[in-house]
Number of protein chains: 2
Amino acid sequence: MNTNFYCVIMAGGIGSRFWPISRNLRPKQFLDILGTGRTFLQETFHRFAKILPKENILIVTGSQYTGLVNEQLPNLNPMQIVAEPSRCNTAPCIAYATYKILDKNPNATIVVAPSDHLIINEAEFLSIINKALEFADTNESLVTLGIKPTRPETGYGYIQLSHSGKDIIMGEAYKVKTFTEKPTLDLAKVFVKSGEFFWNSGLFAWKATTIQTALKNLLPEVNVLFEQGVGKYNKPEESDFIKKVYNECLSVSIDYGVMEKADNVYVFPGDFGWSDLGTWESLYLQWNKDDQSNMVDAQQVILKEVSNSSIAVSKKEKLVVIKELDNYLIVDTDDVLLICPRNNEEQIKQIMRSVDPKYL
Amino acid sequence: MNTNFYCVIMAGGIGSRFWPISRNLRPKQFLDILGTGRTFLQETFHRFAKILPKENILIVTGSQYTGLVNEQLPNLNPMQIVAEPSRCNTAPCIAYATYKILDKNPNATIVVAPSDHLIINEAEFLSIINKALEFADTNESLVTLGIKPTRPETGYGYIQLSHSGKDIIMGEAYKVKTFTEKPTLDLAKVFVKSGEFFWNSGLFAWKATTIQTALKNLLPEVNVLFEQGVGKYNKPEESDFIKKVYNECLSVSIDYGVMEKADNVYVFPGDFGWSDLGTWESLYLQWNKDDQSNMVDAQQVILKEVSNSSIAVSKKEKLVVIKELDNYLIVDTDDVLLICPRNNEEQIKQIMRSVDPKYL
């Protein structure tokens, strides 16, 4: 294992996806939604621990969640839990973690990953990550992983490679031509057909010094704040210093703030059974459904004339009896019951706007 | 108050109606389904306590429910709780209570009532009950209360009066011509139109000695078993004796066993806002619905495009969010969630046959 390889896991989400299973108090990354026996955070940690040193894995999360991180990953040393006082999107999050790592190891090369994605083909994934890390380690470039699209998805941004679509090889580096916004369905179909467009996975790799340079040049208003903390990172003074930074820092994504402006961006296309599992619908797609095309995440269930539906019940011993429903989402937890047509996450977001915060 | 007037409340049901709110462990009569602040049993007790002495009110129930009765009516003396070792329908239940009362007071006149009906116009009801008791007290007759039908209901038996339909007066006694079985819809329409047919309320009144005679003549196989206990009633020996009786006793309703055979049956027709509340549908009919015709028995609810539905949630603080449903029944309790089309109790009964008994 290369002791210069680090991983930053971004675990700050507050649970707006998969409501009402996922909550502000215990958001998605801290849940075992798929019933694997590990939460998303744990799976992500253990996945990267196969290819780089455990003690080089940092978890960035909201300060209100550090307890949960400790609970789920009990053997971390304090430096590994990076507590953000508030949410400022991914660029400040990455800047903060980078400066902490630079303080320990200026030769670090870092893979940055979300904490709550699903990876089915882990061997293939880790192979590409290794290649991406090696490439980033030996090039002054910002590397991202692109996912080979399996459908004209309108919920993701796409990355266009500087290469014709015909002979793109998975796990090789290609210069990025452009990042796109979330497309319309027609445009998504064009993207997928061309073979040159890949889903933006939210995974990155770069040398610590390379991303630091990029931040300095492309997001100076963010970089200057964190730069002022050099000498305070990984010391008692870090906490107070960071509180002041987050008070002032603007909220911006690494994609918008850096990747879309940089000229040294490379993408490694991959196909490893990936899902951001960002919606109930994506869970439905992943699930092994019954012979009426129902996703059933419940232990005691009686279904009569129920089809094309998603059923998720948090309490194992609860009996759910449903008759005559087609294409519905039913989620039952201790204090919230949701029943709505399937495959319409927008309606759930709308509903969440009128829900008393204690239920969020 | 007439100290010869008694009341026998039949509270032995095991909760198959209103499942999953009503359970074997805590059946309907012990619940406050309407949210009045009293359970059905308590309402029934207090209703009759307005017109006859409290200590003359007996509750007949299954032996597994005596604790619940004590909990809900804490000031009864032991004689007032009549514990049946098993369920044998209403004739044995009535025989048992009658012999206990005869032991105390041979001059008793008794009103027999179910424990779980809804009476909206209580003053009118009590007025008719009083007339029925007075009539029964001074005639050797078996009196029943008939409910003026408000629709061609196929779920009840009917009582036909010996009188043309045109000038029947509520609260007067009429000789009964016949009892009918539950009719088809067409027949029910004919019944209702004629004005001579009334719903069988399950309420009765008679002198203790009159019903004893009727049992002797018309149901001797039941009567002889209970008659053997004379001298044991209201004494320590009663309990063992009754266990033996219920081991042997056949299960039969008072309607089938006595009322349909007797020739001294009178009916008092009444119109006092009665419902046996025997189905979720009857509850829906009673409820004050919202402007989308939903019955909502829940405290925290967000409904979008939901209509003609019944929603009942046992946990007050639970949020229920429903979008786009029409004509459904949704019942949520701690350990059972039921979602099915409204107004089809038969389907619920069918479903209950495949449910693990621990959920019943």
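Here's what I pulled together on the structure shown here. (Residues numbered from 1 in each chain as written. Chains lettered and ligands numbered in written order. Predicted model: local features only at pLDDT ≥ 70, side-chain atom pairs only at ≥ 80, totals over all residues. Heavy atoms only, no water.)

### Thoughts on the overall build of chain A
From N to C terminus, chain A includes 11 helices and 17 strands. Relative to the 2.2 N^0.38 estimate, which gives 21 Å for 360 residues, the radius of gyration of chain A is 21 Å and therefore close to what a compact globule would have. For chain A, the residues scored as buried account for 56% of the 360 residues in total. Put simply, chain A shows about 15,100 Å² of open surface, and 47% of that area lies on carbon and sulfur atoms. When the 37 basic and 43 acidic side-chain charges of chain A are each reduced to a single mean position, those positions are 1 Å apart. (Helix = DSSP H or I, 4+ residues; strand = E, 2+ residues; numbered from the N terminus. Rg over C-alpha atoms; globule rule 2.2 N^0.38 Å. Buried < 20%, exposed > 50% of the residue type's maximum accessible area, 1.4 Å probe, protein only. Areas by Shrake-Rupley, 256 points an atom, 1.4 Å probe, with all protein chains shown as cover. Lys, Arg positive; Asp, Glu negative; His and termini not counted. Charge placed at Lys NZ, Arg CZ, Asp CG, Glu CD.)

### Let's talk about the relation of the copies chain A and chain B
When chain A is fitted onto chain B, the two copies agree to an RMSD of 0.1 Å after a turn of 180° and an axial shift of 0.1 Å. Put plainly, the chains are arranged around a two-fold axis. Residues of chain A ranked by C-alpha distance from the rotation axis are headed by Asp334 of chain A, positioned 4.0 Å from it. When the interface residues of chain A are mapped onto chain B, 100% of them again fall at the interface, so both copies present the same face. (Least-squares fit on C-alpha atoms with pLDDT ≥ 70 in both. Contact = heavy atoms within 4.5 Å.)

### Some remarks on the interface of chain A and chain B
The interface is formed by 31 residues belonging to chain A together with 31 residues belonging to chain B. Contact with chain B buries surface across chain A, with Val321, Leu337 and Ile339 of chain A losing the most and accounting together for 23% of the total. Across the chain A-chain B interface, the total number found is 2 salt bridges. Across the salt bridge formed by Lys318 of chain B and Asp332 of chain A, the nearest N and O atoms sit 2.6 Å from each other. (Buried area = accessible area lost by both parts, 1.4 Å probe. Salt bridge = Lys/Arg side-chain N within 4 Å of Asp/Glu carboxyl O.)

### Overview of unusual backbone geometry
The omega angle of the peptide bond from Trp19 of chain A to Pro20 of chain A is 0°, so this bond is cis rather than trans. For Pro20 of chain A, the position within the fold is in the loop between strand S1 (5-10) and helix H1 (40-48). Despite not being glycine, Asn327 of chain A has its phi angle at roughly 65°, a positive value. Take Asn327 of chain A: it is sitting in the loop between strand S15 (319-326) and strand S16 (328-332). One non-glycine residue with positive phi stands out, namely Glu324 of chain B, at about 60°. Here Glu324 of chain B lies in strand S15 (residues 319-326).

Taken by themselves, the reported measurements are silent on function.
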